Amino acid sequence: MKNRLKVLRAERDWSQAELGMHLDVSRQAVNAIETGKHDPSLPLAFRIARLFEMPIEEIFDDELD
Amino acid sequence: MPFDPQAPSEQDRSRTHALIWFGAACTLLSLVNRFLGMDNMMVVIAYGGTAGGLLQAALSRASDEYLRGLYNVGWRTMGTGVALYLMALFVFAAGDLSRQAGHWASSGTKPSDSMFDINGFLVDPISLCVILAILFYGGFAFAWLRDRFTTESSA
């Protein structure tokens with residue numbers, strides 16, 4: 001599943017570790033989500049959406065697969 | 001979400017990724033020890049690291065969902081190994097039973113020999129544990145490598 005996490009993180013000038021700290025996951029997990037290696041669970045997707053104050057479907061796009 | 005003072009930090013979670021690879025390296029050392037023998041200090045580290053990695057995978061709160069996904073592949077690989085081993089035992093034992101039943105049906109006596117010696121098929125407990133640990137870490141490493149080769153990279 002494609003996502004805009006890397007762009008959103010860059011806009012805030014956060015490192016992967018800093019984003020991981022906000023989301024209660026590791027830097028490796030953030031990297032895995034950004035590169036499409038891992039699709040986040042629904043609770044994590046909601047945490048991401050709340051953190052960036054955006055709807056989930058504006059961050060994740062399953063139609064680009 | 002309520003504040004949890006014991007909640008693992010991002011550093012704790014990242015450390016678990018490194019520790020699981022340490023466990024994998026220790027498992028390889030354990031395997032080498034089974035064939036070649038090693039210094040006692042190395043044996044202690046090898047078995048300790050192997051056990052620690054598996055305990056971390058099973059119990060640690062610091063593992064995030066991505067790491068747990070990799071663990072799951074490892075657990076499934078280990079479970080498949082156990083199932084195949086037991087299936088092989090079943091097939092050999094069932095074959096032996098069929099042969100004995102055939103012998104009894106044709107001659108009315110039980111054969112004195114056995115085609116399949118179950119004791120010869122069993123490995124010693126320490127080697128079995130090391131093999132199971134290798135299956136877990138092998139599955140974990142396979143999942144990790146599959147991700148590396150099937151997706152784009154990111155800084």
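Refer to the structure presented above.
Residues numbered from 1 in each chain as written. Chains lettered and ligands numbered in written order. Predicted model: local features only at pLDDT ≥ 70, side-chain atom pairs only at ≥ 80, totals over all residues. Heavy atoms only, no water.

A. Representation of the overall build of chain A in the model. For chain A, the count of helices and strands is five helices and two strands. Listed N to C, the secondary structure of chain A is β-α-α-α-α-α-β in terms of helices and strands. Compactness check: chain A gives a C-alpha radius of gyration of 11 Å against a globular reference of 11 Å for 65 residues, within 12% of the reference. Referenced to the eigenvectors of the C-alpha coordinate spread, the extents of chain A come out at roughly 30 × 25 × 20 Å. The proportion of buried residues among the 65 residues of chain A is 45%. (Helix = DSSP H or I, 4+ residues; strand = E, 2+ residues; numbered from the N terminus. Rg over C-alpha atoms; globule rule 2.2 N^0.38 Å. Buried < 20%, exposed > 50% of the residue type's maximum accessible area, 1.4 Å probe, protein only.)

B. The interface of chain B and chain A, seen in detail. On the chain A side, the residues contacting the 15 residues of chain B number 25 residues. A combined buried area of about 1,600 Å² lies between chain B and chain A, and 51% of that area is made up of carbon and sulfur atoms. Counting across the interface, chain B meets chain A through zero salt bridges. Where chain B meets chain A, there are seven residue pairs in polar contact (both at pLDDT 80 or more). For the side of chain B that touches chain A, the secondary structure elements donating two or more residues are helix 1 (10-36), helix 3 (65-107) and helix 5 (125-150) of chain B. (Contact = heavy atoms within 4.5 Å. Buried area = accessible area lost by both parts, 1.4 Å probe. Salt bridge = Lys/Arg side-chain N within 4 Å of Asp/Glu carboxyl O. Polar contact = N/O pair within 3.5 Å; in protein donor to acceptor, adjacent residues only side chain to side chain.)

C. Up close: a nonpolar patch on the surface. Residue and element names in this part refer to chain B. Residues Leu19, Phe22, Met41, Met42 and Ile45 make up a contiguous nonpolar surface patch of about 460 Å² in total accessible area. Taken together, the elements giving at least two residues each to the nonpolar patch come down to helix 1 and helix 2 (40-59). When residues of the nonpolar patch are assigned to their parent elements, the largest contribution, three residues, is made by helix 2. Topologically, Ile45 is positioned in helix 2. (Patch = residues over 30% accessible without salt bridge, like charges linked within 9 Å, V, L, I, M, F, W, Y side chains within 5 Å. Areas by Shrake-Rupley, 256 points an atom, 1.4 Å probe, with all protein chains shown as cover.)

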